[in-house]
Amino acid sequence: MRTFRLVIACPDGVGIVAKVSNFLATYNGWITEASHHSDNDSGWFFMRHEIRADSLPFDLAGFRQAFAPIAREFSMEWRITDSAVKKRVVLMASRESHCLADLLHRWHSGELDCEIPCVIANHDDLRSMVEWHGIPYFHVPVDPKNKQPAFERVSQLIDEHQADNVVLARYMQILPPDLCQKYRHQVINIHHSFLPSFVGAKPYHQASLRGVKLIGATCHYVTEELDAGPIIEQDVVRISHRDNIEDLVRLGKDVEKLVLARGLRYHLEDRVLVHDNKTVVFD
């Protein structure tokens, strides 16, 4: 079913839900899903509605024009999107294939409702897997002594393919601050949840030596501060002394790809609202 997704964040107050509901009822809008959250700490209110597109008398442009006075009245940060318009997602990777392969499979099977116009990688290892799916593969090596030309090319490719979002599917390079600013809240990353406890190389080896009982992963938006952006999704898996390093790596990869896929799906469905450095996720 084609729906319009209305997403709102604004200072909390009386009458917001009533005003929005009355607006939709006036135009015979059929609400199929409604989510609300009031944040007592920040004093902000968050809302997400899905409305049957065929129940409304106007398109997105008409909706924006009609709704604008209410948005001004309540100082709303808001957007309206059409579920029929698929977001364009550029995937980026290095050598590890588990996250990229999982996203490609979910896209191929129709589980992820998006377009993947290309994959960008700083190594050529995953080309055959990507091209099997009929997706263009761009190898952009990164010179450790001078990374700027590579990231200029990456930015060019993202713009050329009209990407709405970028997913770092175990792309093992740090994006420069200018790219983080240019694509604010558009770049999604995955990392193991040991940070900052186990930084640097081989985190699962470090975790094994410390005898950890839980391992996990975090999906978040990329910001200028490394691995410190607003968190979209997290999960953990319990381990024991019986698990060796190979077990930890295997289980870690499983949770990484699951959390990344969930986080991306929430984003594609406009379920994530960012306020300051926190998120509200209507799952």
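The structure displayed is predicted, hence computed values, not measured ones.

**Focus on the side chain of His267**
Counting through the fold element by element, His267 comes out in helix α8 (residues 245–268). On the accessibility criterion, His267 (10% relative accessible area) is buried. Setting aside residues up to four positions removed in sequence, His267 forms contacts with Lys87, Asn165, His185, Ile188, Tyr221 and Val272.

**What to know about the UniProt feature "active site" (unreviewed entry) in the protein chain**
UniProt annotation of "active site" (unreviewed entry) refers to Asp227 when read in the numbering used here. Looking at Asp227, the relative accessible area reads 27%, which means it is partly exposed. Polar side-chain contacts of Asp227 include one of 3.5 Å to the side chain of His220.

**Observations regarding the pairing of strand β10 (residues 187–192)**
Remark: a regular strand shows side chains that alternate across the two faces of the sheet. Extensive coverage of β10 is indicated by the burial of six of its six residues. Neither face of β10 is exposed, since Val187, Asn189 and His191 on one face and Ile188, Ile190 and His192 on the opposite face are all buried. As paired elements, strand β9 (residues 165–168) and β10 share three bridges and run parallel to each other. Looking across to β10, one finds that Leu168 is bridged to Asn189.

**Describing the packing of aromatic side chains**
Counting across every chain of the model gives seven aromatic pairs. Linked through ring pairs, Phe23, Tyr27, Phe58, Phe63, Phe67 and Trp78 together constitute an aromatic cluster.

**Quick word on helix α5 (residues 148–160)**
Given 3.6 residues to a turn, an α-helix orients residues that are three or four positions apart in the same direction. Here α5 is 13 residues long and its end C-alpha atoms lie 18 Å apart, about the 18 Å a rise of 1.5 Å per residue gives. Along α5, the residues that are buried comprise Ala150, Phe151, Val154, Ser155, Leu157 and Ile158. Taken around the axis of α5, the buried residues stretch over an arc of 160°, which confines them to a single face. Looking at the buried side of α5, the elements it contacts are β5 (87–93), β7 (119–121), β8 (137–139), β9 and α6 (177–182). One or two residues past the end of α5 sits Gln162, with phi positive at roughly 50°.

How each quantity is defined
Residues numbered from 1 in each chain as written. Predicted model: local features only at pLDDT ≥ 70, side-chain atom pairs only at ≥ 80, totals over all residues. Heavy atoms only, no water. Helix = DSSP H or I, 4+ residues; strand = E, 2+ residues; numbered from the N terminus. Buried < 20%, exposed > 50% of the residue type's maximum accessible area, 1.4 Å probe, protein only. Contact = heavy atoms within 4.5 Å. UniProt positions renumbered as here; feature names shortened; annotations may be inferred. Polar contact = N/O pair within 3.5 Å; in protein donor to acceptor, adjacent residues only side chain to side chain. Pairing = 2+ DSSP bridges. Phe/Tyr/Trp six-rings, centres within 6.5 Å; stacked < 30°, edge-to-face > 60°. Expected span 1.5 Å × (residues − 1). Arc of directions from axis to C-beta.

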